[in-house]
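# Architecture at a glance
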Amino acid sequence: MADCSAICVATCVAMELMESSDDESNFLLESDRKGRHKTQDFFEWTVPRYFPDMFKKFFRISPQSFELVCQLLGANEQLAKRTYRGGRQEIPLEKKVMIVLRYLASQETILGISDRFNITVSTFTKYREKVVNAINDLLPRFVQWPEELDSVAIKFNEMGTYEFQNIIGAIDGSHIPIEQPLECPNSYYNRKKFHSVILQAVCKDDLSFVNICVGMPGRCHDAKAFKHSHLSEIGDELCRQGQYHILGDAAYALMRWLITPFRDNGNLTREQYNFNKFLSSKRQVIERAFALLKGRFRRLKYVSIRDIKCICKIISACCVLHNICLQSDEDIAEFIDAEIDELDANLGENFPVNADNGEGILKRNNLTIELNRVNS
């Protein structure tokens, strides 16, 4: 379902952003003209001699997944090889993809990556845009709502120690640190005192994303980011009018298709306390998904770009690649970064109290009775 998986560029007042210059690129373009020592034959000679584990460590993606990405992007018109008419030979597709993967996989500077691949900064910038756009074209194919909801619900129920029926996803927001934007910088300054944009995502039990919304300013609460997402409008339909549900934390309003924990004001019953424990054990899958995403694509630890539209495309491209790698059955243990979880911890503190939906309250109460029975 392309509509529910497309990038949601937020529409609050702070998102009225114009294209802004990338200061780093401007500086590097000037530096590039002065001439520098560049690495020779890194792509042509060095990389082909990497063992698979070295390739995976450097590019944060296995050689098999790399080949699949190149195959998928090969049909893209922006990256299609043009007929040679003399002059400088065009850079191979594999090199273009490798350049962008190294950028996404690390915090290496644009200057360093350009030197490593023996290209100019302007060439890097051009191919970063083309490859990132081409990856985003794959979003409807690789980030889509599941069709076999029964199968997803069974896998969620079997995951972990406790039973919890009819879950098809977990939702949360993650802050992506960015450079201070030129437009509306205060809107992106969050309560942890850094500038960020919010990535809202829903994932399955296997950590793959089935819905993403990118671009809300970091100052917004998760509840507001959710309200401005397309998912808030179509979620009930996607969950078949409450037959299934996704799990969220207390930042979200309780609905028949979005189940949240009881607020702990110090007077929870034993059954309510247990329900929160059951829910948390299943919902943590989204936290692991974010930890994997940011652990693999370390560019997301800090995106030193001031163009919000460009930032959103980079984030969504990482989400697409994240899903492609999971479909390739890669070993993910080395990429999950436990420290990443702390970045988003408590950013939802002091969120406004949401008005819980009556049907949601009734459903949660029934679930509380049932789950305490089956998990006793």
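Structure's up top.
Residues numbered from 1 in each chain as written. Predicted model: local features only at pLDDT ≥ 70, side-chain atom pairs only at ≥ 80, totals over all residues. Heavy atoms only, no water.

### Describing the sheet that holds strand 5 (residues 258-259)
Heads up, the rule is: Should DSSP find at least two bridges between two strands, the strands are taken to pair. Each helix corresponds to a stretch of at least 4 residues labelled H or I by DSSP, and each strand to a stretch of at least 2 residues labelled E; elements are numbered beginning at the N terminus. Pairs of residues are marked as contacts when any of their non-hydrogen atoms sit within 4.5 Å. Every angle, taken between N-to-C directions, lies between 0 and 180 degrees, and every axis is a line fitted to C-alpha atoms, over only the stretch in contact when it is a helix.
The strand order 3-2-1-4-5 describes an open sheet built from 5 strands, whose pairing is mixed. With one partner strand each, in any of the chains shown, strand 3 (209-217) and strand 5 form the two edges of the open sheet. Sheet topology note: the strand 4 (residues 245-247)/strand 5 ladder contains 2 bridges and is parallel. Within strand 5, the residue paired with leucine 247 across the bridge is isoleucine 259. Contacting strand 1 (167-177) and strand 2 (196-203), helix 10 (residues 149-158) runs over the sheet at an angle of about 75 degrees to strand 1.

### Details of the nonpolar core
Condition: What we call a nonpolar core is a set of buried Ala, Val, Leu, Ile, Met, Phe, Trp, Tyr and Cys residues that are connected through their side-chain atoms within 4.5 Å. Burial status follows relative accessibility: with a 1.4 Å probe on protein chains alone, a residue under 20% of its type maximum counts as buried, one over 50% as exposed, and anything between as partly exposed.
Trp145, Phe209 and Ile246 are the most contacted members of the largest nonpolar core, which totals 106 residues. Among the elements that line this core, the one with the most residues is helix 14 (residues 308-327), at 13 residues.

### Brief notes about unusual backbone geometry
Among all residues save glycine, negative phi is the norm, and among peptide bonds the norm is trans. Even without glycine at this site, arginine 240 takes up a positive phi of about 55 degrees. Note that arginine 240 resides in the loop between helix 12 (231-238) and strand 4. Despite not being glycine, glutamine 241 shows a phi value in the positive range, around 55 degrees. For glutamine 241, the position within the fold is in the loop between helix 12 and strand 4.

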